[in-house]
Amino acid sequence: MLVRRPILKTTIEIPDDLARTAKAHAARENITLRSLIERGLRLVLRADSQEARFELRDASVDGRGLQPSYRDAEWARIRESAYEDRGG
């Protein structure tokens, strides 16, 4: 028994040059334009769902904040100490 899936009929607008290229491609592949569009959508959706999402690793460190000698220091002093002995 053939099971039919529900089909949504819709209209899409695509540039003329893309439509001509897609129709020619479909003809070369001996498939319908509809099949080509469906295949393309499935490929894009599958690729997007499999893409690894970037997750920033937790690079925080345990500690008690700035050392006492820097707690009330100006940013320039902290930066100067960070680059001390680096030839800058």
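The structure presented is a predicted model; accordingly, all values stated were derived computationally and were not measured.

Asker: Explain the overall build of the protein residue by residue, including any values.
Answerer: Helix and strand counts for the protein stand at 3 helices and 0 strands. When its helices and strands are written in sequence order, the protein yields α-α-α. Taken along its principal axes, the extent of the C-alpha atoms in the protein is 80 × 35 × 20 Å. Averaged over its 17 positive side-chain charges, the protein has a centre that lies 13 Å from the centre of its 15 negative ones.

Asker: With reference to specific residues and values, describe the packing of helix H1 (residues 16–29) against helix H2 (residues 33–50).
Answerer: Relative orientation of the contacting elements H1 and H2 amounts to 105°, with a least axis distance of 9 Å. Judged by the angle between their axes, H1 and H2 are roughly perpendicular. Contact with H1, carried on its side by Ala22, Lys23, His25 and Ala26, involves Leu33, Leu36 and Arg39 of H2 and no other residues of that element. Looking at the contact of H1 with H2, its residues break down into 4 nonpolar, 1 polar and 2 charged.

Asker: Describe the pattern of salt bridges, naming the residues involved and giving the relevant values.
Answerer: Using the criterion set out here, one finds 1 salt bridge in the structure. Ionic pairing is found between glutamate 38 and arginine 42, a salt bridge with its closest N-O pair at 2.9 Å. Of this pair, glutamate 38 and arginine 42 both sit in helix H2, 4 residues apart, which is roughly one turn of the helix. Taking the relative accessible area as the measure of exposure, glutamate 38 reaches 29% and is therefore partly exposed. When its relative accessible area of 43% is taken as the criterion, arginine 42 is described as partly exposed.

Asker: Tell me about the layout of surface pockets, residues and numbers included.
Answerer: Here the largest pocket defines a volume of roughly 540 Å³. Taken together, 16 residues make up the lining of the largest pocket; nearest its centre are Ile7, Leu8, Arg34, Glu38 and Leu41. Considering only residue class, the lining of the largest pocket consists of 9 nonpolar, 1 polar and 6 charged.

Asker: Explain the environment of arginine 77 to me, and be specific about the residues and the numbers.
Answerer: Relative to the assigned elements, arginine 77 resides in helix H3 (residues 75–82). On the basis of relative accessible area, arginine 77 is assigned to the partly exposed category, the value being 39%. For the pair arginine 77 and aspartate 16, spaced 61 residues apart in sequence, the C-alpha to C-alpha distance is 63 Å. Within the structure, arginine 77 has its side chain in polar contact with the side chain of serine 81 (distance 2.3 Å).

Here is what the cut-offs are and how they apply
Each chain carries its own residue numbering, running from 1 in the written order of its sequence. The model is predicted, so local features are restricted to residues of pLDDT at least 70 and side-chain atom pairs to those at 80 or more, both for listing and for counting; the totals for chains, interfaces and linings are taken over all residues. With hydrogens and water set aside, each side-chain value is computed from the structure's full complement of heavy atoms. By definition, any uninterrupted DSSP run of H or I lasting at least four residues is a helix, any uninterrupted run of E lasting at least two residues is a strand, and each is numbered from the N terminus. His is not counted here, nor are the chain ends, while Lys and Arg score as positive and Asp and Glu score as negative. We put the charge of a Lys on NZ, of an Arg on CZ, of an Asp on CG and of a Glu on CD. Every angle, taken between N-to-C directions, lies between 0 and 180 degrees, and every axis is a line fitted to C-alpha atoms, over only the stretch in contact when it is a helix. Roughly parallel covers angles under 35 degrees, roughly antiparallel covers those over 145, roughly perpendicular covers 65 to 115, and oblique covers all other angles. By definition, residues are in contact when any of their heavy atoms lie within 4.5 Å. The residue classification treats Ala, Val, Leu, Ile, Met, Phe, Trp, Tyr, Cys and Pro as nonpolar and Asp, Glu, Lys and Arg as charged. All others, Gly included, are polar. Basic side-chain nitrogens of Lys or Arg form a salt bridge, by our definition, when they fall within 4 Å of a carboxyl oxygen of Asp or Glu. Per-residue accessibility, obtained with a 1.4 Å probe over protein chains only, is compared with the maximum for each type, and a residue is labelled buried under 20%, exposed over 50%, and partly exposed between these values. Detection works on a 1 Å grid of protein atoms alone, calling trapped sets that fit a 1.4 Å probe cavities and calling open sets with protein on both sides within 12 Å along at least five of seven lines pockets, with lining residues defined by an atom within 4 Å of a point. Grid points are joined across faces, edges and corners, and a volume is the space filled by probe spheres set on the points. Here a polar contact means two N or O atoms within 3.5 Å. Within protein one must be a hydrogen donor candidate and the other an acceptor candidate, and residues neighboring in sequence count only if both atoms are side-chain atoms.

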